[in-house]
Amino acid sequence: MNLIPLRKIGYNLFRILLPIIGSFGQWLLRALHSHILQFKAVVNTSSSSGSSPRSAWIQRVNLHKALRRILLPITAILVVLLLWQIIYSQPGANLPTPAQVWQDTWDPLIKDPFFDFGGNDKGLFWQIWASLQRVAIGFTLAALAGVLGGMIIGVNRWLYEAVDPIFQVLRTVPPLAWLPISLAAFRDATPSAIFVIFITAIWPILINTTVGVQRIPQDYRNVARIVHMSGWKYFFKIVFPATVPYIFTGLRIGVGLSWLAIVAAEMLIGGVGIGFFIWDAWNSSRISEIILALIYVGIVGLLLDRLMAWIGSLVVAEDH
């Protein structure tokens, strides 16, 4: 039996897992030490005050839940890396192993994400920053148009019945199918990409806002009629607060679709951006760089979703 591939697999796994396990172990020890001190402080406080140790027990349960939420995802990631490493360590594999990706992309993509050698030769920070700027413009326009349009359509039954079939047809058009139309209309890559983001993100925002307005309880409408509430006052006191949860549901879906659309659009329009970076790496057979870029894309998409959810929780909490 040839033991050389097994030794190579073991060596690569050792190089990947050792720094991760070491860092995680140090973090875990610090976290445990901190929580143990907090737990002892709670127990001492409970004992000195003569109160029940129930609060200390609740603290301990919360500590275990927090550690479980951290340990389980980290374990899953390590298992995926291990399987990935084992499967693609064989000679002639089509994809690089995690160790190979790390080795290929460490210098300069991971080591220095802020490098700028001119033209499209920029670090991943600048590539993602260029994409985020396009997403910010297109998504903001879609949010404004979607929320305003959804409220107007939601309060007018006849208008809703007239335009709803059009929305249901347009929202099923794939984002990249809009790109030739936008290029023909704007004759420039950047506004065309922004239009693709806009047209992709507006439908969930528009439809969710419309549904939110239509589901305002009839009692609220009756009260507004009885007190002869003006149009603006009805909008700001009843319509907008009642539709906030629906609006932020649409915004969360819209920001995710915007990030998907810009990556796809940039593969075709070129220039600086994470989408073109992936396409350029594919044309140069730099698979490790593609894998690294996909990891960055996923992390940024997750952060955008969490950011929108956090903003939504603040607004909804204030409303209630």
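Look above for the structure.
> Account for the overall build of the chain, naming residues and giving values.
A count of helical and extended segments in the chain gives 11 helices and 0 strands. Start at the N end of the chain and walk to the C end: the helices and strands fall as α-α-α-α-α-α-α-α-α-α-α. The buried share of the chain, taken over its 320 residues, is 35%. The long-range share in the chain, meaning contacts at least 24 apart out of those at least 6 apart in sequence, stands at 67%.

> A description of the nonpolar core should follow, citing residues and the corresponding values.
Ranked by size, the top nonpolar core spans 53 residues in total, and within it F139, I205, L251, W259, I262 and I274 carry the most contacts. Going through the elements one at a time, α4 (124-155), α5 (157-170), α7 (189-214), α9 (231-269), α10 (274-283) and α11 (287-319) are the ones with two or more residues in this core. In terms of residue count, α9 provides more of this core than any other element does, 14 residues in total. Each residue touching W259, except ones within four places of it in the same chain, is listed here: I128, S131, L132, V135, I274, V297, V300, G301 and L304.

> Give me the lowdown on a nonpolar patch on the surface, citing residues and values where you can.
Nonpolar side chains collect at one region of the surface, where F114, F125, W126 and W129 lie side by side and expose about 410 Å² of accessible area between them. One can find W129 in helix α4.

> Summarise the pattern of salt bridges; cite the residues concerned and give the values.
Should the charged atoms of two oppositely charged side chains come close, the side chains can pair. Taken as a whole and judged by the stated rule, the model has 7 salt bridges. A salt bridge links E266 to R134, with the nearest nitrogen and oxygen atoms 2.5 Å apart. Of this pair, E266 sits in helix α9 while R134 is found in helix α4, placing the two residues 132 residues apart along the sequence. Of the two residues, E266 and R134, neither departs from the other in class, the shared state being buried. In this structure, E289 engages R286 in a salt bridge whose closest nitrogen and oxygen atoms are separated by 2.6 Å. We classify E289 as buried; its relative accessible area is 16%. Taken together, the shared-partner salt bridges connect R252, D305 and R306 into one network.

> Tell me about unusual backbone geometry, and please be specific about residues and values.
D107 connects to P108 through a cis peptide bond whose omega is 10°. With respect to the helices and strands, P108 occurs in helix α3 (residues 98-110). For R187, which is not glycine, the phi torsion reads 55° and is therefore positive. With respect to the helices, strands and loops of the structure, R187 is situated in the loop between α6 (179-186) and α7. Classification of R187 as exposed rests on a relative accessible area of 73%. The backbone phi angle of S285 is positive, close to 60°, even though this residue is not glycine. Along the chain, the position of S285 falls in the loop between α10 and α11.

Criteria and cut-off values
Residues numbered from 1 in each chain as written. Predicted model: local features only at pLDDT ≥ 70, side-chain atom pairs only at ≥ 80, totals over all residues. Heavy atoms only, no water. Helix = DSSP H or I, 4+ residues; strand = E, 2+ residues; numbered from the N terminus. Buried < 20%, exposed > 50% of the residue type's maximum accessible area, 1.4 Å probe, protein only. Contact = heavy atoms within 4.5 Å. Core = buried A, V, L, I, M, F, W, Y, C linked by side-chain atoms within 4.5 Å. Patch = residues over 30% accessible without salt bridge, like charges linked within 9 Å, V, L, I, M, F, W, Y side chains within 5 Å. Areas by Shrake-Rupley, 256 points an atom, 1.4 Å probe, with all protein chains shown as cover. Salt bridge = Lys/Arg side-chain N within 4 Å of Asp/Glu carboxyl O.

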